[in-house]
Amino acid sequence: ALDAAATERVWRQTCMRDGGEGYVQALRTCVETLDGRGREVIDRRYARGQSRSQIAAELDLSVDGVKSMLRRLRGILRTCVERRQS
């Protein structure tokens, strides 16, 4: 569950000035820094909307492997965006 107050606080800290454009640009830049396979998994999941099972089947990975990879990649992207926003 999302905490509305925390969500509002994050919005004010990161997106209020420019409607989130700076955050989105930082995220795009960070995605471009990912290696080939990591970038492919992020693209398939978020740009193409593929499920973890679809990604696993097409890239010859386990579903749990895709889940772990996405968790790790989201952490990498979060750190990168935070660094660029500060």
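Residues numbered from 1 in each chain as written. Predicted model: local features only at pLDDT ≥ 70, side-chain atom pairs only at ≥ 80, totals over all residues. Heavy atoms only, no water.

Asks: Just to check I follow, could you spell out the overall build of the protein for this structure?
Replies: Tallying secondary structure elements over the protein gives 5 helices and 0 strands in all. When the helices and strands of the protein are placed in sequence order, the string is α-α-α-α-α. Across its three principal axes, the protein shows a C-alpha extent of roughly 40 × 30 × 20 Å. In the protein, buried positions account for 26% of the 86 residues. At a minimum sequence separation of 6, the contacts of the protein that also span at least 24 residues come to 52%. Here the protein displays about 6100 Å² of accessible surface, and carbon together with sulfur accounts for 49% of that area. Treating the 17 positive side-chain charges of the protein as one cloud and the 12 negative ones as another, the clouds have centres 3 Å apart. (Helix = DSSP H or I, 4+ residues; strand = E, 2+ residues; numbered from the N terminus. Buried < 20%, exposed > 50% of the residue type's maximum accessible area, 1.4 Å probe, protein only. Contact = heavy atoms within 4.5 Å. Areas by Shrake-Rupley, 256 points an atom, 1.4 Å probe, with all protein chains shown as cover. Lys, Arg positive; Asp, Glu negative; His and termini not counted. Charge placed at Lys NZ, Arg CZ, Asp CG, Glu CD.)

Asks: It is not clear to me how the state of the cysteines should be interpreted in this structure. Could you clarify?
Replies: Each disulfide is one covalent bond, formed between the sulfur atoms of two cysteines. For the coordinates displayed, the defined rule picks out 1 disulfide. Two residues share a disulfide in this structure: C30 and C80, whose sulfurs sit 2.0 Å from each other. Looking along the S-S bond of the C30-C80 disulfide, the torsion reads about -85 degrees, which is the left-handed sense. Taken together, the residues C30 in helix α2 (residues 21–32) and C80 in helix α5 (residues 63–85) connect sequence positions 50 residues apart. For the residue pair C30 and C80, the accessibility class agrees, reading buried in each case. (Disulfide = S-S within 2.5 Å.)

Asks: I'm lost on a positive patch on the surface in this one. Help?
Replies: Together, R45, R52, K67, R71, R74 and R78 make up a region of like positive charge exposed at the surface. Among the elements that take part in the positive patch, α5 stands out by supplying 4 residues, more than any other. With respect to the secondary-structure elements, R71 resides in helix α5. (Patch = residues over 30% accessible without salt bridge, like charges linked within 9 Å, V, L, I, M, F, W, Y side chains within 5 Å. Salt bridge = Lys/Arg side-chain N within 4 Å of Asp/Glu carboxyl O.)

Asks: Where do I start with the confidence of the model for the protein in this structure?
Replies: Detailed reading of the predicted coordinates is not advisable wherever pLDDT is low. When pLDDT is averaged across the protein, the result is 89; 98% of the residues are at 70 or more. In the model of the protein, helix α1 (residues 4–14) stands out as the element of lowest mean pLDDT, 75, in contrast to helix α4 (residues 52–59), which has the highest, 97. (pLDDT = per-residue confidence, 0-100.)

Asks: Can you walk me through the side chain of R44 in this structure?
Replies: Relative to the helices and strands, R44 resides in helix α3 (residues 36–47). Residue classification places R44 among the buried residues on the basis of a relative accessible area of 11%. Leaving out residues up to four positions away in the same chain, R44 has contacts with G49, Q50, I55, E58 and L59.

Asks: Got a minute to help me understand the pattern of salt bridges in this structure?
Replies: Proximity of charged atoms lets side chains of opposite charge pair with each other. Applying the stated rule across the entire model yields 5 salt bridges. Close ionic contact of R48 with D43 constitutes a salt bridge, the shortest N to O distance being 2.9 Å. Its relative accessible area of 48% is what places R48 among the partly exposed residues. Three or more residues joined by partner-sharing salt bridges are found here, namely E40, D43, R44, R48 and E58.

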